[in-house]
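Letter by letter, the chains look like this.
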Amino acid sequence: MNAQELIDTARTLVAGDKGLLAMDESNPTCNKRFARLGIPQTEEARRAYRELIVTTPGLGEFISGVILYDETIRQSRKDGSPFVKVITDAGIIPGIKVDAGAKDMAGHPGEKITEGLDGLRDRLAEYSQMGARFAKWRAVLAVGDGIPSRGCIEANAQALARYASLCQEAGLVPVVEPEVLMDGEHTLEQCFEVTEELLRMVFNHLYTQRVTLEGMILKPNMVLPGLTCPKQETVDEVADATVRCFLRAVPAAVPGVAFLSGGQSGELASARLNAMNVRFKSRLPWALAFSFARAIQQPALEIWQGEEARVPAAQQALLHRAKCNGAARRGEYTAAMERTSA
Ligand code: 5MM
């Protein structure tokens, strides 16, 4: 492992006003999203959609890195150019999702443990050879009656730390994604408590597994009320709670926090990220960036609908969301940006 290279890559991923675009939906997730819009759920349709994304003109102006899925990293444009080359030529760093998904956890009804550590060292070596410079692993924690349990938090935190350590050994920057889900009636305060406990546990394990914090990125949820909670806090209240929670639990050595969107609308995700940067940017030890999938892709997918003729309009919509999030990183995003685009 070359520690300085890891640190440089991690810093580049969150430099300036850029962020990550997550396009690492597994085939089942991608197919589910296609099915809702009547798009065929085939390997070719998934390839064509990913080609639309990686060939979006100007994407590299706002996106520092893209997270690919195993099928996607092996695919090419219709003209034969490998996606990894297209991405790199656009000035974007290719990354790869390496977990094998969240599975039911034994003895813990309603809870999940992310699998994928077996054989990970060999898979990381292969992805690194293919041109990936960072990797991602997602742990999923639901909030509900008596959950998440200590057992679930601890097991997922340990898996994240073991993954991160293997990544750094292979020269890949680990993007560590502990996600507290938005589903449910829980309050913002409950999300705060769970997120703080989870982050503390994750960083304890990262320390125990000797992960270089300067050479990683954290990809967490924002601190939010559950989707069906009757009380929905304002954008500023969410920004305040999120930053307060992270100041308690995220070490200053971490170069960047790149939020997932978790099912928020594109506009809300941009507005909340913007509010955090407006209110706190100059006082924080880490950059506050984005690593959104749905909050960047959704409008483009809805426009595309699998039709070749709609590619340019879909690319425009994708670029627009990337640009809005770039503005949110500077604290310059406004609702007027959405009206201009419409
Ligand atoms: C939480 O999901 C990650 C961020 O996406 P959103 O911004 O839409 O919340 C995302 O990278 C996720 O890990 C991938 O979409 C892969 O998900 P699956 O379920 O296909 O493994």
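Note: the structure precedes this text.
None of the values given here were measured: they were computed from a predicted structure. Throughout this document, residue positions are counted from 1 along each chain, in the order its sequence is written. Whole-chain, interface and lining totals are the exception, using all residues; otherwise, since this is a predicted model, local features are given only for residues with pLDDT of at least 70 and side-chain atom pairs are given and counted only at 80 or more. To obtain the side-chain values, all non-hydrogen atoms of the structure were included, while hydrogens and water were left out.

### Things to note about the overall build of the chain
Piece 1. By definition, any uninterrupted DSSP run of H or I lasting at least four residues is a helix, any uninterrupted run of E lasting at least two residues is a strand, and each is numbered from the N terminus. Within the chain, the regular secondary structure consists of 13 helices and 10 strands.
Piece 2. The globule rule used here is 2.2 Å times the number of residues to the 0.38 power, and the radius of gyration it is set against is calculated over C-alpha atoms. Here the C-alpha radius of gyration of the chain, 19 Å, is about what a compact globule of 342 residues would show, namely 20 Å.
Piece 3. A principal-axis box enclosing the C-alpha atoms of the chain has dimensions of 50 × 45 × 40 Å.
Piece 4. Whether two residues are in contact is decided by their heavy atoms, any of which lying within 4.5 Å being enough. In the chain, the proportion of contacts linking residues at least 24 apart, taken out of those at least 6 apart, comes to 79%.
Piece 5. Each charge class in the chain was averaged separately, 39 positive and 42 negative side chains, and the resulting centres sit 3 Å apart. Working convention for charge: Lys and Arg count positive, Asp and Glu count negative, and His plus the chain ends are omitted. Here the site of a charge means NZ on Lys, CZ on Arg, CG on Asp, or CD on Glu.

### Here's the deal with the environment of Lys323
Piece 1. Mapped onto the elements, Lys323 comes out in helix 12 (residues 311–330).
Piece 2. The spatial distance from the C-alpha of Lys323 to the C-alpha of Ile63 is 8.8 Å, given a sequence separation of 260 residues.
Piece 3. In contact with Lys323, not counting residues within four places along its chain, are Phe62 and Met337.

### Considerations on the nonpolar core
Piece 1. We define a nonpolar core as any set of buried Ala, Val, Leu, Ile, Met, Phe, Trp, Tyr and Cys residues linked to one another through side-chain atoms lying within 4.5 Å. Buried, partly exposed and exposed residues are distinguished by accessible area as a fraction of the type maximum, computed with a 1.4 Å probe on protein chains only: under 20%, between the cut-offs, and over 50%, respectively. In terms of nonpolar packing, the biggest core is built from 102 residues, with Tyr163, Leu206 and Phe246 touching the most fellow members.
Piece 2. Setting aside its immediate chain neighbours within four residues, Phe246 contacts Thr195, Leu199, Leu218, Pro220, Asn221, Val223, Val257, Phe259 and Trp286.
Piece 3. With 16 residues, the next largest nonpolar core counts Leu20, Ile67, Ile93 and Ala289 among its residues.

### Some thoughts on the packing of helix 10 (residues 266–280) against helix 12
Piece 1. Between helix 10 and helix 12, the shortest axis-to-axis distance is 7 Å and the interhelical angle comes to 20°. The angle between helix 10 and helix 12 places the two elements in the roughly parallel class. Helix 12 is crossed by helix 10, and the crossing has right-handed handedness. In this structure, helix 10 uses Gly266, Glu267, Ser270, Leu273, Asn274 and Asn277 to contact helix 12, whose residues at the interface are Arg321, Cys324, Asn325, Ala327, Ala328 and Arg329. Geometry is summarised by axes, namely lines fitted to C-alpha atoms with helices restricted to the contacting stretch, and by angles between N-to-C directions that run from 0 to 180 degrees. Between 65 and 115 degrees an angle is taken as roughly perpendicular, under 35 as roughly parallel, over 145 as roughly antiparallel, and anywhere else as oblique. By definition, any crossing whose near helix is turned counterclockwise from its far helix by less than a right angle is left-handed, and any crossing with a clockwise turn is right-handed.

### A few points about the packing of aromatic side chains
Aromatic ring pairs are described here by two measures, namely the spacing of the ring centres and the angle between the planes.
Piece 1. When two rings of Phe, Tyr or Trp (its six-membered ring) have centres within 6.5 Å they constitute a pair, described as stacked for plane angles under 30 degrees, edge-to-face for angles over 60, and tilted for the intermediate range. Inspection of every chain in the model, using the stated rule, returns 6 aromatic pairs.
Piece 2. Summarising the aromatic geometry, the rings of Phe34 and Tyr49 are spaced 5.7 Å apart at their centres and angled 80° between planes, so their arrangement reads as edge-to-face. Of this pair, Phe34 sits in helix 2 (residues 27–36) while Tyr49 sits in helix 3 (residues 43–54), and the two are 15 residues apart along the sequence.
Piece 3. Judged by its relative accessible area of 1%, Tyr49 is buried.
Piece 4. What links up through ring pairs into an aromatic cluster is the set Phe34, Tyr49 and Trp304.

### Re helix 2
Piece 1. Of all the residues in helix 2, the buried ones are Asn27, Cys30, Asn31, Arg33 and Phe34. The buried side chains of helix 2 occupy one side of the element, clustering within an arc of 160° when seen end-on. Opposite the buried face of helix 2, at more than 90 degrees from it, the exposed residues are Pro28, Lys32 and Arg36.
Piece 2. Where helix 2 is buried, its residues touch helix 3, helix 4 (70–73) and helix 11 (294–304). The directions from the helix axis to the C-beta atoms are what the arc is built from.

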